[in-house]
Each structure stands twice: as C-alpha cells, then as structure tokens.
Amino acid sequence: MRQKNPGSNIFVDSRNFLRLKYFGMENLNKIAFELYISKQYEELGKLLTNQEDSNDAEIQFLLGSLFDLGIDRKKDSVKAFYYFYKSAHKGNPLGERALGIYYFLDNGTEISQEKGLYWVNKSIDDGCVRAICTLAHIYMNGLGVSKDEKHAFELYLKAASLGDTHAMEHVSECYQKGIGTDIDLSKSKEYLEASKAK
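Attention here is on the structure that accompanies the text. If you're wondering where the values come from, they're calculated on a predicted model, not measured in any experiment. (Residues numbered from 1 in each chain as written. Predicted model: local features only at pLDDT ≥ 70, side-chain atom pairs only at ≥ 80, totals over all residues. Heavy atoms only, no water.)

### Describing helix α7 (residues 113–125)
Line of reasoning, step 1. In this model, α7 (13 residues) spans 18 Å end to end at C-alpha, consistent with the 18 Å of a helix rising 1.5 Å per residue.
Line of reasoning, step 2. Every buried residue of α7 is accounted for by G116, L117, W119, V120 and S123.
Line of reasoning, step 3. Buried residues belonging to α7 abut α5 (77–88), α6 (93–104) and α8 (129–141).
Line of reasoning, step 4. Once α7 finishes, G127 follows within two positions and takes phi at roughly 105°, a positive value. (Helix = DSSP H or I, 4+ residues; strand = E, 2+ residues; numbered from the N terminus. Expected span 1.5 Å × (residues − 1). Buried < 20%, exposed > 50% of the residue type's maximum accessible area, 1.4 Å probe, protein only. Contact = heavy atoms within 4.5 Å.)

### Brief notes about the packing of aromatic side chains
Where two aromatic rings form a pair, the distance of their centres and the angle of their planes describe that pair.
Line of reasoning, step 1. Tallying each qualifying case throughout the model produces 10 aromatic pairs.
Line of reasoning, step 2. Taken together, a centroid distance of 5.0 Å and an interplanar angle of 85° make the contact between Y118 and W119 edge-to-face.
Line of reasoning, step 3. By relative accessible area, which is 47% here, Y118 ends up partly exposed.
Line of reasoning, step 4. Note on W119: relative accessible area 6%, which makes it buried.
Line of reasoning, step 5. Grouping aromatic residues by their ring pairs yields a cluster made of F61, F81, F84, Y85, Y102 and Y103. (Phe/Tyr/Trp six-rings, centres within 6.5 Å; stacked < 30°, edge-to-face > 60°.)

### Some words on the pattern of salt bridges
Line of reasoning, step 1. Counted under the stated rule, the structure contains 9 salt bridges.
Line of reasoning, step 2. Across the pair E96 and K122 runs a salt bridge whose closest N-O atoms are separated by 3.3 Å. Residue E96 is located in helix α6, and its partner K122 is located in helix α7; the two are separated by 26 residues in the primary sequence.
Line of reasoning, step 3. Residue class for E96 comes out buried when judged on its relative accessible area of 0%.
Line of reasoning, step 4. Take K122: its relative accessible area is 25%, and that puts it in the partly exposed class.
Line of reasoning, step 5. Among the charged side chains, a salt-bridge network with shared partners connects E96, K122 and D126. (Salt bridge = Lys/Arg side-chain N within 4 Å of Asp/Glu carboxyl O.)

### A closer look at the state of the cysteines
Line of reasoning, step 1. Under the defined criterion, the tally for this structure stands at 0 disulfides.
Line of reasoning, step 2. You can see C133 has no disulfide; the closest cysteine sulfur is in C174, sitting 9.9 Å from it.
Line of reasoning, step 3. Taking the relative accessible area as the measure of exposure, C174 reaches 3% and is therefore buried. (Disulfide = S-S within 2.5 Å.)

### Some points on the environment of Q60
Line of reasoning, step 1. Here Q60 shows up in helix α4 (residues 57–69).
Line of reasoning, step 2. Placed 12 residues apart in sequence, Q60 and L48 show a C-alpha to C-alpha distance of 9.8 Å.
Line of reasoning, step 3. Once you skip the residues sitting within four places of it in the chain, Q60 turns out to touch S54, N55, Y83, K86, S87 and K90.

### Looking at the environment of Y156
Line of reasoning, step 1. Tracing the chain through its elements places Y156 in helix α9 (residues 149–161).
Line of reasoning, step 2. Of the residues examined, Y156 reaches a relative accessible area of 2% and is grouped as buried.
Line of reasoning, step 3. Considered as a pair, Y156 and T134 are 22 residues apart in the sequence and their alpha carbons are 8.9 Å apart.
Line of reasoning, step 4. Other than its neighbours up to four places away in sequence, Y156 contacts C133, A136, H137, M140, A167, H170, V171 and C174.

### Brief notes about the nonpolar core
Line of reasoning, step 1. Ranked by internal contacts, the top residues of the largest apolar core, which has 53 residues, are Y36, L44, L48, F61, L62 and I138.
Line of reasoning, step 2. With near-sequence residues (within four places) excluded, L48 lies in contact with A32, I59, L62, L63, L66 and R73. (Core = buried A, V, L, I, M, F, W, Y, C linked by side-chain atoms within 4.5 Å.)

### Description of unusual backbone geometry
Line of reasoning, step 1. We note that K39 has phi near 60°; this positive angle belongs to a residue other than glycine.
Line of reasoning, step 2. If you trace the backbone, K39 turns up in the loop between α2 (27–37) and α3 (41–47).

### Considerations on α4
Line of reasoning, step 1. Taking 1.5 Å as the rise per residue, α4 with 13 residues should run 18 Å; its terminal C-alpha atoms sit 18 Å apart, in good agreement.
Line of reasoning, step 2. In terms of burial, α4 is largely enclosed, as 12 of its 13 residues are buried.
Line of reasoning, step 3. Within α4, burial applies to A57, E58, I59, Q60, F61, L62, L63, G64, S65, L66, F67 and D68.
Line of reasoning, step 4. Two or three places before E58, at the start of α4, stands the capping residue D56, its side-chain oxygen 3.0 Å from that residue's backbone nitrogen. (Polar contact = N/O pair within 3.5 Å; in protein donor to acceptor, adjacent residues only side chain to side chain.)

Here it is, written out as structure tokens:
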C-alpha cells in the first residue's frame, strides 16, 4: 500500500539552508548546489555524470535527488534510496531527511516508519528546517505516530518562524480551516502573504 508522502516535495525549498551551509565549498560542490538551487536539474545531471562513485555526502544527496526526480537519467527509486542512504550515513541533513521520507514510501525499498522517524528527527537535530515541516506532515497524517493535528500545527509554526515558506502555507491553511488551532482568518491571511513574500 502506498503511504502518504510526509514531505510533499523532498528536495525543493531547502535553498536557504544550502546557501548558508555550502557557501565556500569546493568548486564542484558549489556549482552543483547552485544548479540545484536554481532548479537547473538537467545541467546538474550533466555535471554529475561521472560522479556516481563519489564519496562526497553532498554529491550523493544530489545524485539521489536526480534519480528520484528522473532528471537526466532514468527515474530509479532504488538508486535514489542508495544515494540518500550513503549521504545520510555521512551526516548530510538533506540526505537524512530524504532517507527518512523514503522509509515511509512504498517505492521498492524498505518501509520502516520507525527508521523514517529516526532520520527525519536526526535531520532536524542537524539543522534542516524543512525536516520540521516533514515531521509536521507525519503527525498531521498519523504516519507511524498517533495523529496529532495540534502538535503538527505547532511544528508548522516552528518551521514557519524559521523562514520555511512551505510551513507558512500550512500554517495559513490550519488557521483558515481550524486544523490543530482555532480558526483565525486574519492570521491565515498574514501567513499566506508572508509565504508569498519570501
């Protein structure tokens, strides 16, 4: 059975984290992440053509992303999982988050909500704000945990306060529909406008 995706989009909108963490990297990594941030995935794929044996955690995350998205190579969930696994085990927060999400999905790889929660939480501990939003999705949908809309809302608020635009959109929706909080159309509008301003 296919699980709900606890991360909406695994890879996009980790841009601010990437810019802060990888400013000043060696040229290949710097160029690769600039291509990733600007969504130039085909160019990124060309740049990483001969990097599949790389031991670099950031390159492994990017390769996993390309296999997951099916850009510049055949979509392959097993290879994506393989590269996310390698990246996560080397401490890359984006790889940790991606691996955590993959453990929730029925995509030809192992399904383990316990491992998924472990890796999403590790990603949060290692500084990935988007992983807070992912954890909120997990609680909102009761994936491997008891469904808890109030806790999910609090997590969305936390991620929104740290600048995550995706979380701001969710906070807006929660205020609009009274999910995990009281209906407050003024706050809903405020968060929606803030998400568009970023």
